[in-house]
Amino acid sequence: MTITFITGANKGLGRETARRLIECGHTVLVGARDREQGEETAATLGARHVLIDVTDDASVAAAAANIAEREGRIDVLINNAGVHGPVGDPGDLTAADAFAVLDVNVIGVVRTTTAFLPLLRRSDDPVIVNVSSGMGSLALTHDPDRPESHVVAPLYTSSKAALTMLTTQYAKGLEGIRVNAADPGYTATDLNGHSGPQTVTEGTDAIVALATEKSGAGTGRFVSRHGQITWS
């Protein structure tokens, strides 16, 4: 049985990913910092809630300890938790704004990945999926035919560019662990006021594909629902 832990899994892409992976036969652990919402999601989907705030070292360590005691390992870690941050004129950005976004979208991934590596290394086929975005791609954000080029979201975009590069470095440096990034595409979620044209099911296609690949699949890739993409 594949055991999968998903951060930010109480709504949006995380919740839909959990639902779909349960349908695929995974044992899913719903990571959420809101206990009530996490427990409601877990009860509805047939999962188990694990309390985690990816911005808090103690919370992340406690979540890993909880799983170590209950399940003993994980096979798939999906770093999905994310925040958007300010949109528009970057002239008013503050250091506090930047830290708030990077602390979830990048540093939170580092915290969680480091804490969960011992659990992943107990798996026969460990996998990490980082939920990145085409908004962090130089190519896509400069292509006038792409929706990514029409949004000014300086902290979100830079955090996702950093996350994609972090993914490639993990892929190179973590021997025996498959590490890839997923681009959900412009999906209707709370993050964008449900303005995206894709459904959450479409938005989770790449995440689910990476989480369910057979042993030996590639590492260090950036993948959308349409296939592997470049991000330069």
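Please refer to the structure higher up on the page.
Residues numbered from 1 in each chain as written. Predicted model: local features only at pLDDT ≥ 70, side-chain atom pairs only at ≥ 80, totals over all residues. Heavy atoms only, no water.

(A) A look at the packing of helix α5 (residues 107-120) against helix α7 (residues 154-173). Running from N to C, α5 and α7 point in directions that differ by 25°, and their axes come no closer than 10 Å. Between α5 and α7, the angle is such that the two are roughly parallel. Seen from above, α5 lies across α7 with right-handed handedness. In contact with Val109, Val110 and Thr113 of α5, α7 contributes Leu163, Leu166 and Tyr170. Here the contact of α5 with α7 is built from residues that sort into five nonpolar, one polar and no charged. (Axes fitted to C-alpha atoms, helices over the stretch in contact; angles between N-to-C directions. Helix = DSSP H or I, 4+ residues; strand = E, 2+ residues; numbered from the N terminus. Parallel < 35°, antiparallel > 145°, perpendicular 65-115°, else oblique. Left-handed = near helix turned anticlockwise from the far one by under 90°. Contact = heavy atoms within 4.5 Å. Nonpolar A, V, L, I, M, F, W, Y, C, P; charged D, E, K, R; others polar.)

(B) Fine view of the environment of Leu155. Mapped onto the elements of the fold, Leu155 is located in helix α7. A relative accessible area of 10% places Leu155 in the buried class. As a C-alpha pair, Leu155 and Phe222 span 67 residues in sequence and 20 Å in three-dimensional space. (Buried < 20%, exposed > 50% of the residue type's maximum accessible area, 1.4 Å probe, protein only.)

(C) Summary view of the packing of aromatic side chains. This model, assessed by the stated rule, comprises one aromatic pair. Centroid distance Phe5 to Phe116: 4.8 Å. Interplanar angle 10°. Geometry classified as stacked. Placement of the pair is Phe5 in strand β1 (residues 3-6) and Phe116 in helix α5, with a sequence separation of 111 residues. Residue Phe5 is classed as buried on the basis of its relative accessible area of 0%. Assessed through its relative accessible area of 0%, Phe116 is described here as buried. (Phe/Tyr/Trp six-rings, centres within 6.5 Å; stacked < 30°, edge-to-face > 60°.)

(D) Inspection of the sheet that holds strand β2 (residues 27-32) at higher detail. Ordered by their spatial adjacency, eight strands build an open sheet running β3-β2-β1-β4-β5-β6-β7-β8, and the pairing between neighbours is mixed. Of all strands in the sheet, those with a lone pairing partner are β3 (48-51) and β8 (227-228), marking the two edges. With four bridges connecting them, strand β4 (residues 76-79) and strand β5 (residues 127-131) associate as parallel partners. If you follow Val76 over to β5, its bridge partner there is Val127. Sitting on the sheet, helix α1 (residues 12-23) touches β1, β2 and β4, and the angle it makes with β1 is about 170°. Contacts from α5 reach β1, β4 and β5 within the one sheet, and its direction differs from that of β4 by about 175°. (Pairing = 2+ DSSP bridges.)

By themselves, these figures tell us nothing about what the structure is for.
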